[in-house]
Amino acid sequence: MGHEVIEDVEDRDGNLVVRRKIYRTDDSKFPSGYRYALHYGYTDGRGTILRYDNENRTPGRHERHTPDGIEEIEFPGMLALRDRFTTEIEDLP
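S.K.: Would you mind showing me how to read the pattern of salt bridges here?
M.R.: Side chains that carry opposite charge are capable of pairing whenever their charged atoms lie near each other. Summed over the entire model, instances satisfying the criterion amount to 13 salt bridges. Of the charged contacts, one joins Arg82 and Glu7 as a salt bridge, the two residues approaching to 2.6 Å between their closest N and O atoms. Of this pair, Arg82 sits in helix H1 (residues 78-90) while Glu7 sits in strand S1 (residues 3-13), and the two are 75 residues apart along the sequence. Using a relative accessible area of 13% as the deciding quantity, one classes Glu7 as buried. Asp11 is the salt-bridge partner of Arg20, the closest N and O atoms lying 4.0 Å from each other.

Put into structure tokens, the structure is as follows:
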């Protein structure tokens, strides 16, 4: 099974980290064709502020994580989801 790195970036500002990992894959666990994690959160134990990922135990499941919990989302496409993540974190602390 092959995969291609589309984006693998980590930016830190003090205790805040933004990570964007996007891989194109032909792994059947990821029917969208992408394995990804778009993460914004703290490194000092305060946890996740916002994360989008496709969880690998349930093929085809896409999730949005916040301090309030996890919700399943519809996958709008990789570029649209990346843009949504980038826009959302602009308005977060």
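S.K.: Before we go on, may I ask you to explain the side chain of Glu63 in this structure?
M.R.: The residue Glu63 is located in strand S5 (residues 62-66) in this model. At 2.6 Å, the side chain of Glu63 and the side chain of Arg61 are in polar contact. One polar contact links Glu63 to His65, side chain to side chain, over a distance of 3.2 Å. With sequence-adjacent residues up to four places away left out, Glu63 is seen in contact with Arg51, Tyr52, Asp53, Glu55, Ile70, Glu71 and Ile73.

S.K.: Please explain H1 as it appears in this structure.
M.R.: Every α-helical turn comprises 3.6 residues, leaving residues that sit three or four positions apart pointing alike. Between its terminal C-alpha atoms H1 stretches 19 Å, which fits the 18 Å expected from 13 residues at 1.5 Å a residue. All of the buried residues along H1 are Met78, Leu81, Phe85 and Ile89. Each buried residue of H1 lies within a common arc of 65 degrees when the element is viewed along its axis, so the set occupies one face. Seen from the open side of H1, the exposed residues pointing more than 90 degrees away from its buried face are Leu79 and Glu90.

S.K.: In this structure, what is going on with the packing of aromatic side chains? I would like to understand it.
M.R.: Two aromatic rings, taken as a pair, are described by how far apart their centres are and by the angle between their planes. Overall, the coordinates contain 2 aromatic pairs when judged by the stated rule. Seen in terms of ring centroids, Tyr36 and Phe75 are 5.8 Å apart; in terms of plane orientation they differ by 25 degrees. Their pairing is stacked. Of this pair, Tyr36 sits in strand S3 (residues 34-42) while Phe75 sits in the loop between strand S6 (69-73) and H1, and the two are 39 residues apart along the sequence. On the basis of relative accessibility, which here comes to 23%, the residue Phe75 falls in the partly exposed class. Plain terms: the ring middles of Tyr52 and Phe85 are 6.5 Å apart, the flat faces sit at 85 degrees to each other, and that makes the pair edge-to-face. In this pair, Tyr52 sits in strand S4 (residues 48-54) while Phe85 sits in helix H1, placing the two residues 33 residues apart along the sequence. A residue is classified by how much of its surface remains accessible, and Tyr52, at 1% relative accessible area, is buried. Sitting over the face of the ring of Tyr42, Arg46 holds its NZ or CZ atom 3.8 Å from the ring centroid.

Cut-offs and rules
Residues numbered from 1 in each chain as written. Predicted model: local features only at pLDDT ≥ 70, side-chain atom pairs only at ≥ 80, totals over all residues. Heavy atoms only, no water. Salt bridge = Lys/Arg side-chain N within 4 Å of Asp/Glu carboxyl O. Helix = DSSP H or I, 4+ residues; strand = E, 2+ residues; numbered from the N terminus. Buried < 20%, exposed > 50% of the residue type's maximum accessible area, 1.4 Å probe, protein only. Polar contact = N/O pair within 3.5 Å; in protein donor to acceptor, adjacent residues only side chain to side chain. Contact = heavy atoms within 4.5 Å. Expected span 1.5 Å × (residues − 1). Arc of directions from axis to C-beta. Phe/Tyr/Trp six-rings, centres within 6.5 Å; stacked < 30°, edge-to-face > 60°. Lys NZ or Arg CZ within 6 Å of the ring centre and 35° of its normal.

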